[in-house]
Amino acid sequence: MRRPIVAFIMAAGLAGLASGHAAAQANCESYAKIALKQQQDNQQFKCGFKGDGWSADLRAHSGWCAGVSPDVWKKAIQERHKDLEVCRKR
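Residues numbered from 1 in each chain as written. Predicted model: local features only at pLDDT ≥ 70, side-chain atom pairs only at ≥ 80, totals over all residues. Heavy atoms only, no water.

Points about the overall build of the chain
Okay, so step 1: Helices and strands together make up the secondary structure of the chain, namely four helices and zero strands.
Okay, so step 2: Listing every helix and strand of the chain by position from the N terminus yields α-α-α-α.
Okay, so step 3: Here the chain holds 90 residues, and 31% of them are scored as buried.
Okay, so step 4: For the chain, contacts bridging at least 24 residues in sequence account for 73% of all contacts bridging at least 6.
Okay, so step 5: As displayed, the chain has an accessible area near 5,900 Å², and 56% of this comes from carbon and sulfur atoms. (Helix = DSSP H or I, 4+ residues; strand = E, 2+ residues; numbered from the N terminus. Buried < 20%, exposed > 50% of the residue type's maximum accessible area, 1.4 Å probe, protein only. Contact = heavy atoms within 4.5 Å. Areas by Shrake-Rupley, 256 points an atom, 1.4 Å probe, with all protein chains shown as cover.)

Okay, structure coming up:
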């Protein structure tokens, strides 16, 4: 079974994210919710990851996303996901 984060990335890539301001805003809201959940996992599992990508500030994540291409924010999700998987296996 796929993890929700990976499923979101796959669906976004396969569906060819809709264009336009409203779609970009919706994508960034989804990105920010995922990033926040990843930070909560970071804290719950006591991984100790730090930096802007590991913020608990939903607005900061959404604002960052709005300034980068979808490829960049998708990669950020994937990288945090990989980091969390390594941490969970410890």
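Describing the confidence of the model for the chain
Okay, so step 1: Taken over all residues, the pLDDT of the chain has a mean of 86, while the share at 70 or more is 79%.
Okay, so step 2: Ranking the elements of the chain by mean pLDDT puts helix H1 (residues 4-15) last with 52 and helix H4 (residues 70-89) first with 97.
Okay, so step 3: Note on residues 13-18: pLDDT under 50 across the span, and eight contacts to partners over four residues away in sequence or across chains. (pLDDT = per-residue confidence, 0-100.)

Observations regarding the nonpolar core
Okay, so step 1: If you look at the biggest cluster of nonpolar residues, it comprises eight residues: Cys-28, Tyr-31, Ile-34, Ala-35, Cys-65, Trp-73, Ala-76 and Ile-77.
Okay, so step 2: Among the secondary structure elements, those contributing two or more residues to this core are helix H2 (21-44) and H4.
Okay, so step 3: Broken down by element, the residue count for this core peaks at four residues, all from H2.
Okay, so step 4: What Tyr-31 contacts, discounting residues up to four positions off in sequence, is His-61, Trp-64, Cys-65, Trp-73, Ala-76, Ile-77 and Arg-80. (Core = buried A, V, L, I, M, F, W, Y, C linked by side-chain atoms within 4.5 Å.)

Focus: the state of the cysteines
Okay, so step 1: Taken as a whole and judged by the stated rule, the model has two disulfides.
Okay, so step 2: Cys-28 shares a disulfide with Cys-65; S-S distance 2.2 Å. Taking the sign of the S-S torsion, about -80 degrees here, the bridge from Cys-28 to Cys-65 comes out left-handed. Here Cys-65 lies in helix H3 (residues 58-66) and Cys-28 lies in helix H2, a separation of 37 residues in the sequence. The same class applies to Cys-28 and to Cys-65, which are both buried.
Okay, so step 3: Here Cys-47 is linked by a disulfide to Cys-87, with a sulfur-sulfur distance of 1.9 Å. Taking the sign of the torsion about the S-S bond as the criterion, the disulfide between Cys-47 and Cys-87, at about -100 degrees, is left-handed. Of this pair, Cys-47 sits in the loop between H2 and H3 while Cys-87 is found in helix H4, placing the two residues 40 residues apart along the sequence. The residues Cys-47 and Cys-87 share a single accessibility class, namely buried. (Disulfide = S-S within 2.5 Å.)

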